[in-house]
Structure formats: C-alpha cells, structure tokens
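So you can see what is in the structure, the chains are spelled out below.
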Amino acid sequence: MTRPTFAVLNGPNLNLLGIREPDLYGAEGLSDIQQRCEKVAAELDADVEFFQSNDEGALVDEIQARRDNAGIVLNAGAYTHTSVAIRDALAAVQVPFVEVHISNVFAREDFRHRSYLSDIAAGVIVGCGVDGYELALRRLASLIS
C-alpha cells in the first residue's frame, strides 16, 4: 500500500508567522509548523507537502494540483472569509480537507465569523494555536484508515 500524501496549504500573511502579531498567532514560524507536521506525518506513515502563497489564484492552482492527495490541511487566512474561488476549487477536487485557524476567529472581528469553506470541510479547527495543524493531520488520517 502506498503512503498517503497530505498537503498543508497556507494563505496570505502566514509567511509572517512568528513576526506578525505574536500575541495573537504565537512565536512559531511556518517552518516550525512544517517540522511539526512532518513529525506527525512520519508517525502516521504518511507524507506531507507544504505550500504558502499570498495569491488567491496560486492557492486555487495548488488545490487543483492536489486532487489525488489523501487530504488537505488548509489555513486560507483572510481568504476563508472572502473566496468563492477557493471554495469552488475545494468542491471540484473532492479531496477531504480540514480548515485550520490558529486564532479563535469567533473572538475576533465579526467579519471573521463567516467562512466560505466550513460547510464543505471534513473538520474545522479553531483557536488551538499551531497545534491545530497537527490535529488536522490526525483527523485526515482517521478518515482514510
């Protein structure tokens, strides 16, 4: 049996983790999250691939390119609340995905309370800090076991 591959996709401004509002998002950077996810993937006998872009179209292209993956962990950042294009790409590829938010979006501005993605997600993890990525990988793995 081949090892499943999970994609971890990150949207705008997540390249600034560790620098951007550390009181809200923590001190770990995206490379730290990648290392943590690689460790969890090894435990799950899976592979994990990372991608980050500030560009909505690049994220849509990446989602489409992942149509054969076992699952997607997606932190779409601000696009969560605005992007029909990302939603449509996720619906089109029909790959299970878990929506991740580092902060508790429901304790923030009202516009962050609406997600264009949640109703088609296999799960939503909110406010668990960067641990949410690890939880999302474990959730995806449970869906294929």
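Residues numbered from 1 in each chain as written. Predicted model: local features only at pLDDT ≥ 70, side-chain atom pairs only at ≥ 80, totals over all residues. Heavy atoms only, no water.

A. Summary view of the pattern of salt bridges. With the rule as written, the count across this model stands at 9 salt bridges. Note that R36 and D131 form a salt bridge whose closest N and O atoms lie 2.2 Å from each other. With R36 in helix α2 (residues 30–43) and D131 in helix α5 (residues 131–144), the pair connects residues that are 95 residues apart, well separated along the chain. The residue R36 makes a salt bridge to E134 at a minimum N-O spacing of 2.5 Å. Linking R36 in helix α2 with E134 in helix α5, this pair joins segments that are 98 residues apart in sequence. Counted as one network, the salt bridges with shared partners bring together E28, R36, D131 and E134. (Salt bridge = Lys/Arg side-chain N within 4 Å of Asp/Glu carboxyl O. Helix = DSSP H or I, 4+ residues; strand = E, 2+ residues; numbered from the N terminus.)

B. Spatial organisation of the sheet that holds strand β4 (residues 97–101). With parallel pairing, 5 strands are arranged side by side in an open sheet as β2-β1-β3-β4-β5. Two strands bound the open sheet, and with one partner strand each, they are β2 (47–52) and β5 (123–126). Ignoring strand direction, the axes of neighbouring strands in this sheet form an average angle of 15°. Pairing between strand β1 (residues 5–10) and β2: 6 bridges, direction parallel. (Pairing = 2+ DSSP bridges. Axes fitted to C-alpha atoms, helices over the stretch in contact; angles between N-to-C directions.)

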